[in-house]
Amino acid sequence: MGARKFFTALILLVLLIPLASGNQTPTSAHPAADRPGDAQHEELVEESGERVWVGEVNGRVAEIDDLLAPMVEAAPEVFAGRMLTPDRQRLEIRTVAPESPLVDELRKAVGPDFDDYVTIIPVKFSQRQLDEAADRLVDLDWEAAGIQSVSVDIARNGVRLGISARGDRGQDLLRLGRIDSDSRVASELAPISTVARDTGVTIWVAEDDELSATGTRLNDAPAYSWWGGDPE
């Protein structure tokens, strides 16, 4: 991997870039009114559609995340990331197999208050599939497309492509907003649309002109999980 890509990756590992909220229906058995952290999540979203986090992390949620993190990360073919709700009062875990015995193991590990603090959200693509799509984007010509960053978008179960608006290609991508498997794009953007077509994964496009270290990614994990290479 080139020096520029690696340098960008190092910067983005400490960025706190909110991700847009998904619209999936929680599978917890508890009524929404009885669960902390379920109130008006739709309001905690920026105009751009990206998720905003407010308030302090619930102490029990932090404990549960520490407990479940290694279990979720050990099964990338079943799970697709975990993240806090916008008010940081619940933990969301995304999975392609909500009926999997591995989900039952998560529940057993937490105990009787699992449903009070954890929401299991069914999704289409696993962490492994998302990582593979992100890896392919990392291998593209970043300069030609104005790419600034590539990351797994856990909330939308896709890949987030950070783009500079300074070039024509970047402006074209930003106007699209997203690239799906059936998107029609200019020939110059064909390598990106090919990734979406081959994998089925939606590529969400956002502007990333200003890169600065603003915090750590404690709200969603894993953070910018695939960069297509290891540090030299």
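Residues numbered from 1 in each chain as written. Predicted model: local features only at pLDDT ≥ 70, side-chain atom pairs only at ≥ 80, totals over all residues. Heavy atoms only, no water.

*Asks:* Sorry, what's going on with the nonpolar core here?
*Replies:* In globular proteins that are soluble, nonpolar side chains generally tend to be buried together. By size, the foremost hydrophobic cluster in this structure holds 48 residues, and its most contacted members are Ile93, Leu137, Val150 and Ile192. In terms of residue count, helix α5 (residues 127-138) provides more of this core than any other element does, five residues in total. (Core = buried A, V, L, I, M, F, W, Y, C linked by side-chain atoms within 4.5 Å. Buried < 20%, exposed > 50% of the residue type's maximum accessible area, 1.4 Å probe, protein only. Helix = DSSP H or I, 4+ residues; strand = E, 2+ residues; numbered from the N terminus.)

*Asks:* Explain the pattern of salt bridges here, please?
*Replies:* Pairing is possible between side chains of opposite charge, provided their charged atoms come close. A complete count under the given rule lists ten salt bridges for this structure. Residues Arg60 and Asp113 are paired through a salt bridge, measuring 2.8 Å at the closest nitrogen-oxygen approach. Taken together, the residues span a long stretch of sequence, with Arg60 in helix α2 (residues 59-73) and Asp113 in the loop between α3 (101-110) and α4 (114-117) at a distance of 53 residues. With relative accessibility at 18%, the residue Asp113 sits in the buried group. One salt bridge in this structure joins Arg178 and Asp180, with 3.0 Å as the shortest N-O distance. For Arg178, a relative accessible area of 35% puts it in the partly exposed group. When its relative accessible area of 17% is taken as the criterion, Asp180 is described as buried. Among the charged side chains, a salt-bridge network with shared partners connects Arg60, Glu63 and Asp113. (Salt bridge = Lys/Arg side-chain N within 4 Å of Asp/Glu carboxyl O.)

*Asks:* Is there a simple way to explain the pairing of strand β1 (residues 79-84) in this structure?
*Replies:* Every regular strand shows the same layout, with side chains that alternate between the two sheet faces. The buried fraction of β1 is high, at six of six residues. Note that β1 and strand β2 (residues 91-95) share four bridges and pair antiparallel. Looking at the pairing, Arg82 lines up with Ile93 of β2. Where β1 hands over to β2, the hairpin turn is made up of six residues, of which Arg88 adopts a positive phi near 65°. (Pairing = 2+ DSSP bridges.)

*Asks:* Would you mind showing me how to read unusual backbone geometry here?
*Replies:* What you tend to see is this: most non-glycine residues have negative phi, and most peptide bonds are trans. For Arg88, which is not glycine, the phi dihedral falls at a positive 65°. Tracing the sequence through the fold places Arg88 in the loop between β1 and β2. Note on Arg88: relative accessible area 15%, which makes it buried. Its identity as a non-glycine residue notwithstanding, Asn157 has a phi of 55°, on the positive side. Topologically, Asn157 is positioned in the loop between β4 (147-153) and β5 (158-163). Given the relative accessible area of 8%, Asn157 is considered buried.

*Asks:* Is there a simple way to think about helix α8 (residues 190-199) in this case?
*Replies:* Residues that lie three or four places apart on an α-helix share one face, since the helix turns once every 3.6 residues. Among all positions in α8, only Ile192, Ser193, Val195 and Ala196 are buried. Projection of α8 onto a plane perpendicular to its axis shows the buried side chains occupying an angular sector of 150°, all on one side. Looking at the buried residues of α8, the elements they touch are α5, α6 (142-145), β5, α7 (168-176), β6 (178-179) and β7 (203-207). Phi for Gly200, located one or two positions after α8, is positive at around 80°. (Arc of directions from axis to C-beta. Contact = heavy atoms within 4.5 Å.)

*Asks:* Could you clarify how one ought to interpret the packing of α2 against α3 in this entry?
*Replies:* The relative placement of two packed helices is expressed as an angle between their axes plus a distance between the axes. Where α2 meets α3, the closest approach of the two axes is 10 Å, and the angle between their N-to-C directions is 140°. Here α2 runs over α3; the crossing is right-handed. Of the residues in α3, those touching α2 at Arg60, Ile64, Leu67, Leu68, Met71 and Val72 are Glu105, Leu106, Ala109 and Val110. Class assignment for the residues of the contact of α2 with α3 results in eight nonpolar, no polar and two charged. (Axes fitted to C-alpha atoms, helices over the stretch in contact; angles between N-to-C directions. Left-handed = near helix turned anticlockwise from the far one by under 90°. Nonpolar A, V, L, I, M, F, W, Y, C, P; charged D, E, K, R; others polar.)

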